[in-house]
Amino acid sequence: MAQAPKHPAQEHHHLAAAHHHAAAHHHHQAEHHHTVGEHAEAKQHATAAHEHSELAHKHTATAHTHSHK
């Protein structure tokens, strides 16, 4: 059975949630690397977490745009 197409706003909220989850994961990884003294790796994960956060915010904004049309 084919899934009914999601409303664009729902789709973007879902993507935002996925990016928030990824950001949290990278943040956790960064803390781990920091704890064991791997600062270069920690920095990479912190950057990735920040990028995912930005994407999550963009998707949230897009979702709001769609829901107010």
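Up top is the structure these notes are about.
Quantities reported herein were computed from a predicted structural model and do not represent experimental measurements.

(A) Main features of the side chain of His45. By the secondary structure assignment, His45 is in helix 2 (residues 39-67). A distance of 3.0 Å separates polar atoms of two side chains, one belonging to His45 and the other to His26. Among all residues touching His45, those that are not within four sequence positions of it are His26, Gln29, Ala30 and His33.

(B) Region of the structure containing the side chain of His59. As for its position among the elements, His59 is in helix 2. Accessibility expressed as a relative area gives 17% for His59, which makes it buried. A distance of 3.0 Å separates a polar atom in the side chain of His59 from a polar atom in the side chain of His12. Beyond its immediate stretch of four places on either side in the chain, His59 contacts His12, Leu15, Ala16 and His19.

(C) Molecular detail of the packing of helix 1 (residues 8-35) against helix 2. Look at helix 1 against helix 2: their axes get within 7 Å of each other, and the N-to-C directions meet at 165°. Between helix 1 and helix 2, the angle falls in the class roughly antiparallel. In this structure, the crossing between helix 1 and helix 2 has a hand that is left-handed. Partitioning the contact of helix 1 with helix 2 into residue classes produces 14 nonpolar, 19 polar and one charged.

Thresholds applied
- Residues numbered from 1 in each chain as written.
- Predicted model: local features only at pLDDT ≥ 70, side-chain atom pairs only at ≥ 80, totals over all residues.
- Heavy atoms only, no water.
- Helix = DSSP H or I, 4+ residues; strand = E, 2+ residues; numbered from the N terminus.
- Polar contact = N/O pair within 3.5 Å; in protein donor to acceptor, adjacent residues only side chain to side chain.
- Contact = heavy atoms within 4.5 Å.
- Buried < 20%, exposed > 50% of the residue type's maximum accessible area, 1.4 Å probe, protein only.
- Axes fitted to C-alpha atoms, helices over the stretch in contact; angles between N-to-C directions.
- Parallel < 35°, antiparallel > 145°, perpendicular 65-115°, else oblique.
- Left-handed = near helix turned anticlockwise from the far one by under 90°.
- Nonpolar A, V, L, I, M, F, W, Y, C, P; charged D, E, K, R; others polar.

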